Amino acid sequence: MKIGIVCYPTFGGSGVVATELGLELSKRGHEIHFITYNLPVRLELLSNHVHYHEVTVPEYPLFHYQPYELALSSKLVDMVKLHKIEILHVHYAIPHAYAAYMAKKMLIEENIYVPIVTTLHGTDITLVGSHPFYKPAVTFSINKSDAVTAVSKSLKKDTQRLFDIKNKISVVPNFIDLDKYNHGFTDCQREIMANEDEKIITHISNLREVKRVQDVISIFYNIQKEIPAKLMLVGEGPEREKIEWRCQQLGITDKVIFFGKSNEIDKILCFSDLFLLPSQTESFGLAALEAMASRVPVISSNTGGIPEVNTHGVSGFLSNVGDVDDMTKNALHVLSDESRLHTFKNNARQESLKYDIHNIVPQYEAIYEDTLAKC
Ligand code: GMT
């Protein structure tokens, strides 16, 4: 199939999933066209099966807001015609599903029919999309998609609760390329990051309020009072400055390493002992899955889709949002006994196998085939 993929090209989970999906589909013989405003961060290799088409929005002083949706829908029309794209798969409803619908309507005028598959990722529904300013447009574009998928059962339920959805929503969970995260314990060079007796705790996110990074700091502060430890903070975002101040106030700056945006997540996870994800809400928690695939147990909140990924008492532990004391207790339980830590590490890897890329990507292929067959 010739598939057009629209996504945010950033470090966010939806862009990562869209990119990994496109790359895997290309390996399975499909022709993939990424259509977005920047080269997606994990899209390293372009080939004759993987193409990237940039959407540019010319700056014009008259416009207070530059019309990205308009530029995107025009680009979609042009790319569908030029490359004979058969189906458009848009990741993140806002504004992608809306722009794709406009493109579809324009193409119908020229007797070209291109169906749209929309994948809902989380904040497009739970945080941003349900805002009254966007809700009518998001409801409309979900209902007008030819197929709709959500990345967890929890997100499907939230979408049905928050919007008046007439369309069927299929759950296709996020996935992981297990080979990428299959390192041994010996080649991680953990000695560069920490002393031999120190445990390495990691958090990866875009450091937004919804990630509750202050809880990460509180949990780590409590842990390092009991056992020697270092904290790896990966990602950039609006909370960073506040966190740096807090670390200074708590006197732990020498134990906290800020990596910023990193393309070496697999290497960082390779030397990690524990992953913290205390989010306020999380439709899936791809970062937790990446940690588990790297044999890193997860201490998380029990919100949204996280319980579908992190199994309580097996791959880690779940606590109520904001219950820093319980998360600390669980973290110390996992870290304080070497053989228990080893069991949790193995369990984490084992649980991640459910989300093997080779099992999940065919589910998207089946949806494309079904959708095309109905046109
Ligand atoms: O959570 C983020 O900061 C990024 C966001 C995104 O849209 O890129 O992630 C959402 O989609 C990911 C991929 O499906 C999920 O794994 C994340 O759980 C989800 N984030 C939230 O629901 C907060």
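Conventions we followed
Residues numbered from 1 in each chain as written. Predicted model: local features only at pLDDT ≥ 70, side-chain atom pairs only at ≥ 80, totals over all residues. Domains from an automatic or database assignment. Helix = DSSP H or I, 4+ residues; strand = E, 2+ residues; numbered from the N terminus. Nonpolar A, V, L, I, M, F, W, Y, C, P; charged D, E, K, R; others polar. Buried ≥ 20, exposed ≤ 12 C-beta atoms within 10 Å, placed from the backbone. Contact = placed C-beta atoms within 7 Å. UniProt positions renumbered as here; feature names shortened; annotations may be inferred. Near = placed C-beta within 6 Å. Expected span 1.5 Å × (residues − 1). Right-handed = clockwise from strand over helix to strand, strands pointing away. Pairing = 2+ DSSP bridges. Axes fitted to C-alpha atoms, helices over the stretch in contact; angles between N-to-C directions.

### A look at the domain arrangement of the chain
For an interface, size is often stated in terms of accessible area lost upon the parts coming together.
Right, on to step 1. Split into domains, the chain comes out as domain 1 (2-175 + 356-374) and domain 2 (178-355).
Right, on to step 2. Inter-centroid distance (C-alpha atoms) of domain 1 to domain 2 is 30 Å.
Right, on to step 3. Breaking the side of domain 1 that touches domain 2 down by element, the ones donating at least two residues are helix H1 (13-27) and helix H6 (153-162).
Right, on to step 4. Class assignment of the residues belonging to the side of domain 1 that touches domain 2 gives a composition of ten nonpolar, eight polar and two charged.

### Considering the environment of Leu289
Right, on to step 1. Checked against the element boundaries, Leu289 lands in helix H10 (residues 286-293).
Right, on to step 2. Residue Leu289 is classed as buried on the basis of its 26 C-beta neighbours within 10 Å.
Right, on to step 3. Linking Leu289 and Val148, residues 141 residues apart in sequence, is a C-alpha distance of 23 Å.
Right, on to step 4. Excluding residues within four positions of it along the chain, Leu289 makes contact with Asn174, Ile176, Val309, Ser352 and Tyr355.

### Quick word on the UniProt feature "domain: Glycosyl transferase family" (unreviewed entry) in the chain
Right, on to step 1. The UniProt entry lists residues 193-350 under the feature "domain: Glycosyl transferase family" (unreviewed entry), expressed in the numbering used here.
Right, on to step 2. Structurally, residues 193-350 is divided into 43% helix and 18% strand, and its ends, taken at the C-alpha atoms, are 26 Å apart.

### Some remarks on the site of the ligand
Right, on to step 1. As a structural note, the neighbourhood of the ligand is formed by 19 residues, with Gly12, Gly13, Ser14, Gly122 and Leu286 the closest of them.
Right, on to step 2. Per element, the largest residue contribution to the shell around the ligand is four residues, and it comes from H1.
Right, on to step 3. Two domains each put at least three residues into the shell around the ligand: domain 1 (2-175 + 356-374) and domain 2 (178-355).

### Structural notes on H1
Right, on to step 1. The terminal C-alpha atoms of H1, which comprises 15 residues, lie 21 Å apart, in line with the 21 Å expected from a rise of 1.5 Å per residue.
Right, on to step 2. Among the 15 residues that make up H1, 13 are buried, leaving the element largely enclosed by the rest of the structure.
Right, on to step 3. Phi turns positive one or two residues past the end of H1, at Gly29, with a value near 100 degrees.

### What about the pairing of strand E8 (residues 199-204)?
Right, on to step 1. Of all six residues in E8, six are buried, a share of seventy percent or more.
Right, on to step 2. Neither face of E8 is open: one carries Lys199, Ile201 and His203, the other Ile200, Thr202 and Ile204, and all of them are buried.
Right, on to step 3. Remark: the E8/helix H7 (residues 213-226)/strand E9 (residues 229-234) crossover connection has right-handed handedness.
Right, on to step 4. Across two bridges, E8 lies against strand E11 (residues 274-277) in parallel orientation. Within E11, the residue paired with Thr202 across the bridge is Phe275.

### Some details on the environment of Ser279
Right, on to step 1. Following the sequence through the fold, Ser279 ends up in the loop between E11 and H10.
Right, on to step 2. Between the alpha carbons of Ser279 and Lys211 there is a distance of 4.2 Å; along the sequence they are 68 residues apart.
Right, on to step 3. Filtering out sequence-adjacent residues up to four positions away, Ser279 remains in contact with Val210, Lys211, Arg212, Ser301 and Thr303.

### Considering the sheet that holds strand E4 (residues 87-91)
Right, on to step 1. Pairing is parallel across the open sheet formed by seven strands, whose spatial order is E3-E2-E1-E4-E5-E6-E7. Edge positions in the open sheet fall to strand E3 (50-54) and strand E7 (169-171), since each of these has one partner strand only. If you compare each strand with its neighbour and ignore which way they point, the axes differ by 25 degrees on average.
Right, on to step 2. Alignment of strand E6 (residues 147-150) against E7, held across three bridges, turns out to be parallel. Looking across to E7, one finds that Val148 is bridged to Ile169.
Right, on to step 3. Set on the sheet, helix H3 (residues 93-108) makes contact with strand E1 (2-6), E4 and strand E5 (116-120); between it and E5 the angle comes to about 175 degrees.

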